[in-house]
Structure formats: C-alpha cells, structure tokens
Amino acid sequence: MSSHMKSASVALPKARRGRPPVLTGDMRRQRILDAAEHVFTNIGYGAATMEEIARAAGMSKKTLYGMFPDKRSLFTALTNVIDLYPSEALDPDPANSRKELRARLLTLAEVALSKRQVEMTRLVISEARHCPELAEEFHAKAMHKGRAYLVNALKTFADANPEITIPDIEGTAITLFAAILGDMHFRALLGEKAVTKRKLETHIDSAISLVLPNLGR
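In this report, we go over the structure that sits alongside the text. Since this is a predicted model, take the numbers as computed values, not measurements.

This brings us to the overall build of the protein. Helix and strand counts for the protein come out as 9 helices and 0 strands. In sequence order, the protein lays out its α and β elements as α-α-α-α-α-α-α-α-α. Across the 217 residues that make up the protein, the buried fraction comes to 39%. Taking the intrachain contacts of the protein between residues at least 6 apart in sequence as the baseline, contacts between residues at least 24 apart amount to 72%. In the form shown here, the protein has an accessible surface area of approximately 12700 Å², with 54% of it arising from carbon and sulfur atoms.

The structure is reproduced here in structure tokens:
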C-alpha cells in the first residue's frame, strides 16, 4: 500500500437504498472508523481522502469533519487499542498469579496477531517512509500500551511472589514479548495462516521457561 496508488483501486461498500437508519453518535463514529480502516488498508493512508472515507461510510463530508477534523485524527482513533486489554489487576494470590500472567501473555499475543492489528501494522510499515508520524503514533498508541500492559502484569506477579526475583521488570517484559511474538508476528505480516490457540499457549509456556526459568510450572 503506497501513497502513489490510485484511489480508484479500492472497492468501496455499496450504499443501501431507501431511507437511511437513524444512528446514534457512537454508531455514527464507529461507522466512520470502519470506513476509514477499509479505505486506509486498501489504498494506503497517503492516497486516502476524507471525501473517499465519507463516501465509504455513506455520510456527508460535513458529518465526517464534524467528528474528525482530518485523516490524522482518524488514524489516531484507529490505533487506540486500550479497550482490548483488561483493566482489572492480577489476582494477588500466589496460587493464581502465574496462571493469570500466562493468560495476559495470551491476550497480548492474540491482540498483536489478530487480523485487524496485522493489517494496521502493515499499513504503518508501508507508509512509514512517507509519513513517519504514523509510525510514531502507532508506537505510542499500540505498542507502548501493550508493553505497559505486560510490565504491570509482571510487576503484580513479582509482588505476589517475593521469592521469585525479577531484577529488571521492563527489560524482562520486552524480552518476553519478543520471545513470544518475534517469529510469529513476522510470519503473520507475510500472510501466513494464523496459529491455533493451543499452539500459541505452548509457545508462551516455552518462552516463559526460557526467559523466566525460575517461575516453575
């Protein structure tokens, strides 16, 4: 996907006939975001226009601009994945903390390997040379949140298990994230079929054993 691609290459959803349904503000916003994601991932961020996004959403440009002033704000909204991560703290009970840490690693991996996230990552990579601000936005809104989510999980685990020493929690989180996702994420970006949940869980257990061998089972 390149900013040099022609906008005519995207197949936009067909508008429905008859009286349009009455939409709430949240429904209208979501429709616009869905349309923006469709346009961005099909023709690239640089080639996309607000007019094209409005047409894909089946709305007027006035309505679109009333909610999002420009493409940058639309992209920022699309990369805001904070709601994909559970907000509740880990169970402080040592008997459950390892199980919950493993569950959080699985959640993080599933988000990163999801079809939507892979497509957004491809979009950022393809446009990074022409629009470096997109890469910065993506890192701040998506990757940073994922790392913070894992750092908090490891910190809570360490607090619940004082006999287990994790001297560099942030560094360990980065290493663990790379050990779990490195090769799988690269393969996903190249279009390889998604791995099964069982295989992902086995991979996570192997990564934990390698990076944190003193955690046990």
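Next comes the rest of the description.
Right, let's get into the layout of surface pockets. Counted as a void, the largest pocket has a volume near 490 Å³. In this structure, the largest pocket is lined by 25 residues; those nearest its centre are Ala-112, Met-143, Phe-177, Leu-181 and His-185. Of all the secondary-structure elements, those providing two or more residues to the lining of the largest pocket are α5 (94–112), α6 (115–127), α7 (132–160) and α8 (169–189). Looking at side-chain class alone, the lining of the largest pocket contains 17 nonpolar, 7 polar and 1 charged residues. Along the wall of the second largest pocket there are 26 residues; nearest its centre are Leu-113, Ala-188, Lys-193, Ala-194 and Val-195. Mapped onto the lining of the second largest pocket, the elements with two or more residues apiece are α5, α6, α8 and α9 (197–211). With 8 residues, α8 is the single largest residue contributor to the lining of the second largest pocket.

The next subject is the nonpolar core. Core analysis: the largest hydrophobic core is formed by 30 residues, its most contacted members being Phe-40, Ile-53, Leu-64, Leu-74 and Phe-75. When residues of this core are traced back to their parent elements, those giving at least two are α1 (25–43), α2 (50–57), α4 (71–78), α6 and α7. The greatest single-element share of this core, amounting to 7 residues, is contributed by α1.

Another aspect to go through is the packing of aromatic side chains. Evaluated as defined, the whole model comprises 3 aromatic pairs. When the ring of Phe-40 is compared with that of Tyr-45, the centres are 5.3 Å apart and the planes differ by 50°; the resulting orientation is tilted. With respect to class, Phe-40 is no different from Tyr-45; both count as buried. Taking 5.9 Å as the distance between ring centres and 75° as the angle between the ring planes, the aromatic pair formed by Tyr-45 and Phe-75 counts as edge-to-face. Of this pair, Tyr-45 sits in the loop between α1 and α2 while Phe-75 sits in helix α4, and the two are 30 residues apart along the sequence.

One pass over the full model with this rule turns up 7 salt bridges. Glu-52 is the partner of Arg-55 in a salt bridge, and the nearest nitrogen-oxygen pair spans 3.9 Å. Taken together, the positions of Arg-55 and Glu-52, both in helix α2 and 3 residues apart, correspond to about one turn of that helix. Overall, the relative accessible area of 4% leaves Glu-52 in the buried class.

Here the focus is α1. Residues that lie three or four places apart on an α-helix share one face, since the helix turns once every 3.6 residues. Across its 19 residues, α1 extends 27 Å between first and last C-alpha, which sits within 8% of the 27 Å expected from 1.5 Å per residue. Along α1, the residues classified as buried are Ile-32, Leu-33, Ala-35, Ala-36, Glu-37, Val-39, Phe-40, Thr-41 and Ile-43. Two residues or fewer past α1, Gly-44 is found with a positive phi of approximately 95°.

A separate point is the packing of α8 against α9. The N-to-C vectors of α8 and α9 enclose an angle of 140°; their axes lie 10 Å apart at closest approach. With respect to α9, the axis of α8 lies oblique. Classified by chirality, the crossing of α9 by α8 is right-handed. When α8 is examined against α9, the residues Thr-172, Thr-175, Leu-176, Ala-179, Ile-180 and Met-184 are found in contact with a partner set consisting of Leu-200, His-203, Ile-204, Ala-207, Ile-208 and Val-211. Its residues placed into classes, the contact of α8 with α9 shows 9 nonpolar, 3 polar and no charged.

Criteria and thresholds
Residues numbered from 1 in each chain as written. Predicted model: local features only at pLDDT ≥ 70, side-chain atom pairs only at ≥ 80, totals over all residues. Heavy atoms only, no water. Helix = DSSP H or I, 4+ residues; strand = E, 2+ residues; numbered from the N terminus. Buried < 20%, exposed > 50% of the residue type's maximum accessible area, 1.4 Å probe, protein only. Contact = heavy atoms within 4.5 Å. Areas by Shrake-Rupley, 256 points an atom, 1.4 Å probe, with all protein chains shown as cover. 1 Å grid on protein atoms, 1.4 Å probe; cavity = no way out; pocket = protein on both sides within 12 Å on 5 of 7 lines; lining within 4 Å. Points joined across faces, edges and corners; volume = space filled by probe spheres on them. Nonpolar A, V, L, I, M, F, W, Y, C, P; charged D, E, K, R; others polar. Core = buried A, V, L, I, M, F, W, Y, C linked by side-chain atoms within 4.5 Å. Phe/Tyr/Trp six-rings, centres within 6.5 Å; stacked < 30°, edge-to-face > 60°. Salt bridge = Lys/Arg side-chain N within 4 Å of Asp/Glu carboxyl O. Expected span 1.5 Å × (residues − 1). Axes fitted to C-alpha atoms, helices over the stretch in contact; angles between N-to-C directions. Parallel < 35°, antiparallel > 145°, perpendicular 65-115°, else oblique. Left-handed = near helix turned anticlockwise from the far one by under 90°.

From the geometry alone we can't say anything about function, so treat these as descriptive.
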